[in-house]
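Summary of structural features
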Amino acid sequence: MKILIIGGTGFISGYLLRELRKKNYHITLFNRGKSKPFIPVDESVRIVAGDRNNPGDLKALINDEAHFDVIYDMTAYTGQQSQTAVDAFYGKTGHFIHCSTVSVYMISDDLRCPVTEDQDLRQIMPFFPRNPFGMNYGIQKRDCEKILRDHHHPVNFPVTMLRPTYVSGPGDPTLRDYFWIERILDGKPVLIPGSGDYSFQQVYVEDVARAFASLPEQPQTVGEAYNIASEEIFTLNEYLAELGNLMNRKPEIVHVDQDVFDHLPFSSNSRGDVFPFNTRRPAIFSLEKIKRDLKYHSTPFQQWMPELIQWYTNRYSGHSIAYQDRDAEVKFASNWSGDYLKLKKAFIHE
Ligand SMILES: NC(=O)c1ccc[n+]([C@@H]2O[C@H](COP(=O)([O-])OP(=O)(O)OC[C@H]3O[C@@H](n4cnc5c(N)ncnc54)[C@H](OP(=O)(O)O)[C@@H]3O)[C@@H](O)[C@H]2O)c1
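First, a word on what this report is: a plain description of the structure on this page. Quantities reported herein were computed from a predicted structural model and do not represent experimental measurements. (Residues numbered from 1 in each chain as written. Predicted model: local features only at pLDDT ≥ 70, side-chain atom pairs only at ≥ 80, totals over all residues.)

**Looking at the overall build of the protein**
On a plain count of helices and strands, the protein comes out with 13 helices and 13 strands. A total of 350 residues make up the protein; the buried ones form 41% of that total. In the protein, 80% of the contacts between residues at least 6 apart in sequence involve partners at least 24 apart. (Helix = DSSP H or I, 4+ residues; strand = E, 2+ residues; numbered from the N terminus. Buried ≥ 20, exposed ≤ 12 C-beta atoms within 10 Å, placed from the backbone. Contact = placed C-beta atoms within 7 Å.)

As structure tokens, this is what we get:
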């Protein structure tokens, strides 16, 4: 089987490549050659250099190859990028598999948990810049899905989409778990925005890679979209308690009202998620469909998280997102008594 991965050297697509390598496939990667492969790529894998934002590069690839049995598009973030892929590959692939996200749901406030796949077109909420699932990101990933839905054809362009929730594992460029692991490790108070009582799901990267890799053998998935998440559901409080247990630490947790927190200078950062997994509302996704069609089961947290903790503590040399503000966090946590007025003057810049 001839497989193309658009990407293949990053986090999720790197794990996907590792899964696909276990099968007897001819694999081509298409990327710019900028990212250092997280999972080593051996010479049996063909690498074609190109930028997907340059339509000529994708067309040159398909002129060269004529047809791919399966194409994985792991790096489409805008409708234009998906359209370019449709233009290049329509009629030239047996299965087009798109990496989407649960953010296509989380830009709506008209949702019912557990969120089923058919809630993907619910009305978009008023623009909320602090949407923890990314407002623009979710809107643009919806645009990708719309282009693919509009061009889906059972023979000429058979499309399947997977919608992962927060993906975790060694090599995660977002460092979400490390945010909490590094703060638990330093032994100082750990701030939680709000009550920490909202339920959410992560998903282990190897579970995502296995699900993607199984799709070529599952023709019934053509034309379908699937949520993929861990079967385990935690609140942020429960997640931190579990992490603490695995690390033999009992962090001092300090909850701060969400509206106060949102005014704190260290509550946001342009580099990425700050205080990850603070979903601000329940974020539970139905797994019935993926269990039914792919016989999906997630790896238990107790099994994969110790490896991730080890990886961050032994192999990762940098700091977590916003750790440069850690002193300010600790100072705030040590002084926070729930007295908003008293603290407003000292900490909050409006
Ligand atoms: N991380 C999460 O929690 C999460 C959750 C839900 C969904 N997702 C989805 O997962 C996908 C991203 O996963 P990821 O961050 O792990 O990355 P990834 O899938 O590994 O993608 C990065 C790869 O894409 C290549 N690439 C980037 N820009 C390119 C371009 N313009 N042209 C050609 N190749 C390009 C990179 O190589 P070069 O840099 O060398 O080009 C690298 O091989 C996205 O579709 C995202 O929406 C992620």
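**Brief notes about the sheet that holds strand E4 (residues 70-73)**
In space, the seven strands of this open sheet follow the order E3-E2-E1-E4-E5-E6-E11, with parallel pairing throughout. Strand pairing shows two members of the sheet lacking a second neighbour, strand E3 (46-49) and strand E11 (225-228), which therefore form its edges. Across the sheet, the axes of successive neighbouring strands diverge by a mean angle of 20°, strand direction being ignored. Here strand E2 (residues 26-31) runs beside E3; their pairing, made up of four bridges, is parallel. The partner of Asn 31 across the bridge, within E3, is Ala 49. Together, strand E1 (2-6), E2, E4 and strand E5 (96-99) form the strand contacts of helix H1 (residues 11-21), whose direction differs from that of E1 by roughly 165°. (Pairing = 2+ DSSP bridges. Axes fitted to C-alpha atoms, helices over the stretch in contact; angles between N-to-C directions.)

**What about helix H5 (residues 135-151)?**
Working note: α-helix, 3.6 residues per turn, so residues spaced by three or four point in the same direction. Its 17 residues give H5 an end-to-end C-alpha distance of 25 Å, which sits within 8% of 24 Å, the value for a rise of 1.5 Å per residue. Those residues of H5 not exposed but buried are Gly 138, Gln 140, Lys 141, Arg 142, Cys 144, Glu 145, Ile 147 and Leu 148. Next to the buried residues of H5 lie helix H3 (79-89), E5, helix H4 (103-106) and strand E6 (159-164). (Expected span 1.5 Å × (residues − 1).)

**Section: the site of the ligand**
Contacts to the ligand come from 26 residues, most closely from Gly 7, Gly 10, Phe 11, Ser 13 and Arg 32. Grouping the constituent residues of the shell around the ligand by class yields eight nonpolar, 13 polar and five charged. (Near = placed C-beta within 6 Å. Nonpolar A, V, L, I, M, F, W, Y, C, P; charged D, E, K, R; others polar.)

**Some details on the environment of Ala 211**
If you trace the backbone, Ala 211 turns up in helix H7 (residues 205-214). Residues Ala 211 and Leu 294, 83 residues apart in the sequence, show an inter-C-alpha distance of 7.4 Å.

**Quick word on the pairing of strand E8 (residues 190-193)**
Burial along E8 is two-sided: the residues Val 190 and Ile 192 and Leu 191 and Pro 193 are all buried. One ladder, built from four bridges, connects E8 with strand E13 (residues 253-256); its direction is parallel. Bridge pairing links Leu 191 to Val 254 in E13.

**Considerations on unusual backbone geometry**
In this model, Cys 113 is joined to Pro 114 through a cis peptide bond whose omega is -10°. Tracing the backbone shows Pro 114 in the loop between H4 and H5. Positive phi, normally seen in glycine, also occurs at Asn 248, with a value near 55°. Relative to the helices and strands, Asn 248 is located in the loop between helix H8 (236-246) and E13. On the basis of neighbour counts, which here come to 6 C-beta atoms within 10 Å, the residue Asn 248 falls in the exposed class. In the Ramachandran plot, Phe 275 falls in the positive-phi region, its phi being about 55° despite a non-glycine side chain. Take Phe 275: it is sitting in the loop between helix H9 (258-261) and helix H10 (288-294). Judged by the 24 C-beta atoms lying within 10 Å of it, Phe 275 is buried.

**As for the packing of helix H6 (residues 176-185) against H8**
For the pair H6 and H8, the least separation of the axes is 11 Å and the interaxial angle reads 55°. It follows from the interaxial angle that H6 and H8 lie oblique. When the axes of H6 and H8 are compared, the crossing they make is right-handed. Each of Trp 180, Ile 181 and Ile 184 in H6 lies in contact with H8, whose residues at this interface are Leu 240, Leu 243 and Gly 244. Across the contact of H6 with H8, the residue classes break down as five nonpolar, one polar and no charged. (Parallel < 35°, antiparallel > 145°, perpendicular 65-115°, else oblique. Left-handed = near helix turned anticlockwise from the far one by under 90°.)

**Topic: H1**
Among the eleven residues that make up H1, eight are buried, leaving the element largely enclosed by the rest of the structure. All of the buried residues along H1 are Phe 11, Ile 12, Ser 13, Gly 14, Tyr 15, Leu 16, Leu 17 and Leu 20. In this structure, the buried side of H1 is in contact with E1, E2, E4, E5, strand E7 (166-168) and H7.

**Details of the packing of H3 against H5**
Each pair of packed helices gets described by two things: the angle between the helix axes and the distance between those axes. Orientation of H3 relative to H5, taken along the N-to-C sense of each, is 25°, at an axis distance of 7 Å. Between H3 and H5, the angle falls in the class roughly parallel. Once H3 is placed against H5, the crossing between them reads as right-handed. Listed contacts from H5 to Gly 79, Gln 81, Ser 82, Gln 83 and Val 86 of H3 are Gln 140, Asp 143, Cys 144, Lys 146, Ile 147, Leu 148 and His 151. Its residues assigned to classes, the contact of H3 with H5 comprises four nonpolar, six polar and two charged.

Everything listed here is a matter of coordinates, which is why it stays silent on function.
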